[in-house]
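These are the residues of each chain, in order.
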Amino acid sequence: MAAFLRSKCSSVGRAMMGSLGNNLYGGATSSIETVTRPSRSDAVCQQIRTFIQMRTNLKVVDNSGAKRVMCIQSLRGKKGARLGDMIIGSVKEAQPRGKVKKGDVVYGVVVRAAMKKGRSDGSEVQFDDNAIVIVNNKGELIGTRVFGPVPHELRKKKHLKILALAEHIV
């Protein structure tokens, strides 16, 4: 009973209940009292990293002229896009004399994702931001340079041109 009450309390309530000790009723202690579930306040403090889905803002890391793109649709499946997947997006910010303009609907390849991606050797790759490279509907690059690191998982997805132009391969 005490564990159930403790898991429903906020962190302030936990501090107050901690002064009472584990034994609330003066009876014998049991192992059930030590099991606690994370509260809602713990979940709010942690940032949840998910798939790239509709309305996700992505940074553009090539010299096509766009700065920021909002995802309209993931071409992977229902959940969303991950590293190396194609998306359709709308340009939200663009440079004045670029190849793409604000409001254009463009295709893009996800080159950095904040969600962890497991590798076959047991390691995981995770980036700080979500970023794409703009391509045409055939998969050919619009820009001529790719800035920042890109993962080598793009080789499996057949995006070799992106890897050739990248500054650093992770």
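Reading the values: the criteria
- Residues numbered from 1 in each chain as written.
- Predicted model: local features only at pLDDT ≥ 70, side-chain atom pairs only at ≥ 80, totals over all residues.
- Heavy atoms only, no water.
- Helix = DSSP H or I, 4+ residues; strand = E, 2+ residues; numbered from the N terminus.
- Buried < 20%, exposed > 50% of the residue type's maximum accessible area, 1.4 Å probe, protein only.
- Contact = heavy atoms within 4.5 Å.
- pLDDT = per-residue confidence, 0-100.
- Pairing = 2+ DSSP bridges.
- Axes fitted to C-alpha atoms, helices over the stretch in contact; angles between N-to-C directions.
- Salt bridge = Lys/Arg side-chain N within 4 Å of Asp/Glu carboxyl O.

A.B. asks: So what's going on with unusual backbone geometry? Which residues, and what values?
C.D. replies: In the Ramachandran plot, Arg55 falls in the positive-phi region, its phi being about 70° despite a non-glycine side chain. Residue Lys158 is not a glycine yet carries a positive backbone phi of 70°. Examined against the element boundaries, Lys158 turns out to sit in the loop between strand S8 (146–150) and helix H4 (160–165). Residue Lys158 is classed as exposed on the basis of its relative accessible area, which comes to 67%.

A.B. asks: An account of the environment of Gly143 is requested, with residue identities and associated values reported.
C.D. replies: Within the element layout of this structure, Gly143 appears in the loop between strand S7 (131–135) and S8. Taking the C-alpha atoms as reference, Gly143 lies 8.2 Å from Lys99; in sequence the two are 44 residues apart. Beyond its immediate sequence surroundings of up to four residues, Gly143 is in contact with Asp62, Asn63, Ser64, Lys99 and Ile134.

A.B. asks: Would you mind going over the confidence of the model for the protein chain in detail, with residue names and values included?
C.D. replies: Confidence in the prediction for the protein chain averages 80 pLDDT; 72% of positions are at 70 or higher. Confidence over residues 1–37 falls short of pLDDT 50; this stretch has 29 contacts with residues more than four positions distant or in other chains.

A.B. asks: So what about the environment of Pro151? Which residues, and what values?
C.D. replies: Relative to the helices and strands, Pro151 resides in the loop between S8 and H4. Pro151 sits in the buried class, given a relative accessible area of 0%. Separated by 67 residues in sequence, Pro151 and Gly84 have C-alpha atoms that sit 8.8 Å apart. Ignoring sequence-local partners within four residues, the contact set of Pro151 consists of Leu83, Val111, Arg119, Phe127, Leu163, Ile169 and Val170.

A.B. asks: So what's going on with the side chain of His159? Residues and values would help.
C.D. replies: Here His159 is to be found in the loop between S8 and H4. We classify His159 as buried; its relative accessible area is 13%. When residues no more than four places from it in sequence are discounted, the contact partners of His159 are Gly84, Val109 and Leu154.

A.B. asks: Break down the sheet that holds strand S4 (residues 105–112) for me, with residues and values.
C.D. replies: Pairing is mixed in the closed barrel, where 5 strands are placed in the order S1-S2-S3-S4-S7. Each neighbouring strand pair of the sheet contributes to a mean axis angle of 55°, computed without reference to strand direction.

A.B. asks: If you had to explain the pattern of salt bridges to someone new, which residues and values would you point to?
C.D. replies: Under the definition given, this model contains 6 salt bridges. With a closest N to O distance of 3.2 Å, Asp85 and Arg76 form a salt bridge. You can call Arg76 partly exposed: its relative accessible area is 45%. We note a salt bridge from Lys116 to Glu124, for which the minimum N-O separation is 3.8 Å. Taking the relative accessible area as the measure of exposure, Glu124 reaches 54% and is therefore exposed.

A.B. asks: Summarise the pairing of strand S2 (residues 66–74); cite the residues concerned and give the values.
C.D. replies: Examined bridge by bridge, strand S1 (residues 57–60) and S2 share 3 bridges and lie antiparallel to one another. The residue bridging Leu58 from the neighbouring strand is Val69, located in S2. Connecting S1 to the next strand, S2, in antiparallel fashion are 5 residues, including Gly65 with a positive phi near 115°. Sheet topology note: the S2/strand S3 (residues 86–94) ladder contains 7 bridges and is antiparallel. Residue Ser74 lies in a different strand from S3, and its bridge partner there is Ile87.

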